[in-house]
Amino acid sequence: MNAKRPLIAVLTGAGISTDSGIPDYRGPNGLWQRDPSAQELVTIGPYLADPEVRRRSWLMRAEAGALAAEPNAGHRALVELERSGLPVRVLTQNVDGLHQRAGLPARKVLELHGTAHRVQCVRCRVRGEMAAALVRVAAGEPDPACPACGGVLKPCTVMFGETLDPEVLRQAEAIAKACDLFIAVGTTLQVHPVAVLPQVALERGARLIVVNAEPTGYDPVAAELIREPISTALPALVRRLIAGQ
Ligand code: ZN
């Protein structure tokens with residue numbers, strides 16, 4: 001039997017994807033802070049109630065082009081970490097799918113806020129591809145309905161006003177409890193309930209490394225703080241971890 005090897009949990013937020021051209025919508029200078037009417041487009045109540053909100057929401061997704069974004073050096077560094085054989089699990093607040101696109105096996109990635117690559121009917125729960133829905137938008141359907149039942153389609157993302165999937169949250173807490181090293185990358189660790197995960201890890205004796213340009217509430221209890229840009233900081237950190245330092 002193999003000896004237990006230390007599990008590394010990596011929590012990633014918007015900061016890891018900004019170098020891939022995906023803006024940090026929730027950040028202090030993010031779109032949703034500057035323009036409350038834009039936040040409405042990703043808030044479940046208005047989205048379900050108002051076809052005009054849905055029309056603008058689909059248009060925003062079509063124009064954002066997020067599905068075409070490419071992974072960057074930060075995402076690739078985590079693939080390198082996983083391929084080194086060290087046990088690693090990535091918990092991400094991002095919905096862009098760039099960890100998997102970079103080459104991380106899907107089973108190693110827990111998408112806390114869902115995925116922007118899929119859509120789901122709010123009535124019959126059938127799922128489909130976002131790309132197919134956006135093709136219908138481009139073809140002139142302002143608010144593409146569920147092909148199975150005619151219900152409202154929404155992205156498989158956790159919108160404002162929705163709660164995280166309890167099973168996903170349970171898995172995230174289990175990983176935080178089991179890890180020996182918790183690395184928080186590109187997140188200010190302010191959004192609940194994700195914000196409690198480092199605390200869960202710390203209580204079990206894990207070491208915490210924070211990689212973020214801005215201060216976080218966990219800085220005082222972190223074993224290490226890295227302020228450099230993620231695209232250079234994360235590859236350097238991964239090289240150290242693989243070397244056992
Ligand atoms: Zn349906």
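Residues numbered from 1 in each chain as written. Predicted model: local features only at pLDDT ≥ 70, side-chain atom pairs only at ≥ 80, totals over all residues. Heavy atoms only, no water.

A separate point is the sheet that holds strand β4 (residues 114-121). Reading across the sheet, the three strands line up as β5-β4-β6 and stay open at both edges, with antiparallel pairing between neighbours. Two strands close off the open sheet at either side, each with one partner strand: β5 (127-129) and β6 (153-157). For this sheet, the mean angle separating the axes of adjacent strands, direction not counted, is 45°. Judged from the five bridges that link them, β4 and β6 form a sheet pairing that is antiparallel. Each bridged residue has a counterpart across the sheet, and for Gly 114 the counterpart in β6 is Thr 157. (Pairing = 2+ DSSP bridges. Helix = DSSP H or I, 4+ residues; strand = E, 2+ residues; numbered from the N terminus. Axes fitted to C-alpha atoms, helices over the stretch in contact; angles between N-to-C directions.)

A few words on the pairing of strand β7 (residues 181-185). In terms of burial, β7 is a largely internal element, five of the five residues being buried. Because side chains alternate across β7, one face comprises the buried residues Leu 181, Ile 183 and Val 185, and the other comprises Phe 182 and Ala 184, equally buried. Here five bridges tie strand β1 (residues 8-12) to β7, and the two strands are oriented parallel to one another. If you follow Val 10 over to β7, its bridge partner there is Ile 183. In the sheet, β7 pairs with strand β8 (residues 207-211) via five bridges, with the strands oriented parallel. Across the sheet, residue Ala 184 finds its bridge partner in β8, namely Val 210. For the handedness criterion, the β-α-β arrangement of β7, helix α9 (residues 197-203) and β8 is classed as right-handed. (Buried < 20%, exposed > 50% of the residue type's maximum accessible area, 1.4 Å probe, protein only. Right-handed = clockwise from strand over helix to strand, strands pointing away.)

Next up on the list: the domain arrangement of the protein. Domain parsing of the protein yields domain 1 (1-21 + 71-113 + 163-245) and domain 2 (23-68 + 115-157). For domain 1 and domain 2, the distance between their C-alpha centres works out to 27 Å. Each side of the interface is counted separately: domain 1 has ten residues, and domain 2 has ten residues. Summed over both partners, the interface of domain 1 with domain 2 buries about 730 Å², with 54% contributed by carbon and sulfur atoms. Of all residues in domain 1, Val 95, Arg 101 and His 113 bury the most surface against domain 2, accounting for 46% of the area lost on that side. (Domains from an automatic or database assignment. Contact = heavy atoms within 4.5 Å. Buried area = accessible area lost by both parts, 1.4 Å probe.)

Here we come to the sheet that holds strand β9 (residues 224-226). In sheet architecture, strand pairing relies on hydrogen bonds along the backbone and comes in two forms, parallel and antiparallel. Ordered in space as β3-β2-β1-β7-β8-β9, the six strands form an open sheet in which the pairing is parallel. Because the sheet does not close on itself, it has two edges, and the strands there are β3 (109-111) and β9. Between one strand and the next, the sheet's axes are offset by a mean angle of 15°, whatever the strand orientation. Contacting β1, β2 (88-92), β3 and β7, helix α8 (residues 166-178) crosses the sheet at an angle of about 135° to β3.

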